[in-house]
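Here are the chains, one letter per residue:
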Amino acid sequence: MTTLTEHSSVPGGSTAAAAAAALNKTYGSGDTTVHALRNVDVTFEAGTFTAIMGPSGSGKSTLMHCLAGLDTADSGRIWIGGTEITALKDAELTRLRRDSVGFVFQSFNLVPTLTAEQNITLPVALANGKVDRPWLAEITDTLGLTGRLSHRPHELSGGQQQRVAVARALLTRPHVVFGDEPTGNLDSKSGAEVLSLLRRSTREMGQSIIMVTHDPVAASYADRVVLMNDGELVGELAQPTPESVLAALTKLGA
Ligand SMILES: Nc1ncnc2c1ncn2[C@@H]1O[C@H](COP(=O)(O)OP(=O)(O)OP(=O)(O)O)[C@@H](O)[C@H]1O
Ligand SMILES: [Mg+2]
């Protein structure tokens, strides 16, 4: 939990897991200018699971990277858990990212020479923190990893490796976990396992999750789908189903 200055003017209230206001980002200049984000206003409620969808090149990864403090916008404001990150100095941003943000990537990014448990606790070890053992036990039990903790990544299935990555993201109880196509490399059964666990972490642990995906079935595990097109937020769906997501994407020409 961060101890940085709190800001009360967060869109959607200070309980929002993450929020952006009037976010703009362009790449290049002149004729080759790409408006990756155009005046994006969005709020992600705490304890909810949101999927960001839209055609390739619509700005999904750019939005996620800016929200997570991995990339900077040209203008606009961003909040994570009540702290305006666009007002932070580099060192403060690094600390907030470490303490308040979790990531699950398409490639699991596990260290091959470390066991599953060592991979899960690595960010805490790197920050010279103390591992919350009961919480670790609860997460790994929930994720069905208890019997796998002494295995190295190559001794685990793809789904198990991604569950290790999810456990690593959840261990620090971040304000928000970001995933960019977290199930993109998994077969449908392993993908369903990981998505169910992400959903359960919102229900049972109060975790906030923001996930970019191209898959309407993956998006249907979320509470809400936010639709992007050409750098803009163009709509959203509550309680999405694979059918309602597919229909919305078809309308966008995705
Ligand atoms: N580093 C960069 N330099 C120049 N243009 C970029 C850069 N990164 C992204 N873009 C452009 O910004 C736009 C948005 O890209 P972004 O990666 O956010 O799209 P996306 O929705 O994540 O697409 P995909 O579904 O293919 O991952 C695209 O037109 C892309 O070409
Ligand atoms: Mg992308």
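These notes cover the structure that comes with them. This one's a predicted model, so the numbers in the text were calculated from it and none came from an experiment.

### Topic: the pattern of salt bridges
Any two side chains of opposite charge can pair if their charged atoms end up close together.
No. 1: The final tally for this structure, using the stated rule, is 11 salt bridges.
No. 2: We note a salt bridge from Asp230 to Arg38, for which the minimum N-O separation is 3.5 Å. In this pair, Asp230 sits in the loop between β9 (224-229) and β10 (232-238) while Arg38 sits in strand β2 (residues 34-44), placing the two residues 192 residues apart along the sequence.
No. 3: The partner of Arg163 in a salt bridge is Glu193, with the nearest N and O atoms 3.0 Å apart. One end of the pair, Arg163, is in helix α5 (residues 158-171); the other, Glu193, is in helix α6 (residues 188-205), and 30 residues separate them in sequence.
No. 4: Here Glu193 falls in the partly exposed class, since its relative accessible area comes to 25%.
No. 5: Taken together, the salt bridges that share partners define one network made up of Arg163, Lys189 and Glu193.

### Some words on the nonpolar core
No. 1: Formed by 42 residues in total, the largest nonpolar core has its most connected members in Phe49, Ile120, Leu171 and Val225.
No. 2: Looking at this core, the element that brings in the most residues is α5, giving seven residues.
No. 3: The residues touching Leu171, leaving out its near neighbours within four places in the chain, are Ile120, Thr121, Val124, Val131, Asp132, Trp135, Leu136 and Ile139.
No. 4: Ranked by size, the runner-up nonpolar core spans 28 residues in total, among them Met64, Leu67, Ile80 and Val101.

### Focus: the site of ligand 1
No. 1: Every residue near ligand 1 is listed here: Tyr27, Val34, Ala36, Pro55, Ser56, Gly57, Ser58, Gly59, Lys60, Ser61, Thr62 and His214.
No. 2: Between ligand 1 and Ser58 there is a distance of 3.2 Å, counted from an oxygen atom to a backbone nitrogen or oxygen.
No. 3: Look at ligand 1: alone it shows 640 Å² of surface, and the protein chains cover 58% of it.
No. 4: Of all the secondary structure elements, the ones that give two or more residues to the shell around ligand 1 are β2 and α1 (60-67).
No. 5: Here the shell around ligand 1 takes three residues from α1, the largest share from any one element.
No. 6: When the residues that make up the shell around ligand 1 are grouped by side-chain class, the tally is four nonpolar, seven polar and one charged.

### Notes on the side chain of Ser208
No. 1: With respect to the helices and strands, the residue Ser208 is situated in the loop between α6 and β8 (209-212).
No. 2: For Ser208, a relative accessible area of 4% translates into the label buried.
No. 3: Within the local environment of Ser208, its side chain forms a polar contact with the backbone nitrogen of Gly47, the two atoms lying 2.9 Å apart.
No. 4: Within the structure, Ser208 has its side chain in polar contact with the backbone oxygen of His175 (distance 3.3 Å).

### Points about the packing of aromatic side chains
No. 1: A full pass over the atoms with the stated rule returns two aromatic pairs.
No. 2: Centre to centre, the rings of Phe103 and Phe105 are 5.6 Å apart; their planes meet at 10°, and the pair counts as stacked.
No. 3: Overall, the relative accessible area of 32% leaves Phe105 in the partly exposed class.
No. 4: Counting every residue linked through ring pairs, the aromatic cluster contains Phe103, Phe105 and Phe178.
No. 5: Here the basic side chain of Arg173 rests over the ring of Trp135, its NZ or CZ set 3.9 Å away from the ring centre.

Each value, and the rule that gives it
Residues numbered from 1 in each chain as written. Chains lettered and ligands numbered in written order. Predicted model: local features only at pLDDT ≥ 70, side-chain atom pairs only at ≥ 80, totals over all residues. Heavy atoms only, no water. Salt bridge = Lys/Arg side-chain N within 4 Å of Asp/Glu carboxyl O. Helix = DSSP H or I, 4+ residues; strand = E, 2+ residues; numbered from the N terminus. Buried < 20%, exposed > 50% of the residue type's maximum accessible area, 1.4 Å probe, protein only. Core = buried A, V, L, I, M, F, W, Y, C linked by side-chain atoms within 4.5 Å. Contact = heavy atoms within 4.5 Å. Near = heavy atom within 4 Å. Polar contact = N/O pair within 3.5 Å; in protein donor to acceptor, adjacent residues only side chain to side chain. Areas by Shrake-Rupley, 256 points an atom, 1.4 Å probe, with all protein chains shown as cover. Nonpolar A, V, L, I, M, F, W, Y, C, P; charged D, E, K, R; others polar. Phe/Tyr/Trp six-rings, centres within 6.5 Å; stacked < 30°, edge-to-face > 60°. Lys NZ or Arg CZ within 6 Å of the ring centre and 35° of its normal.

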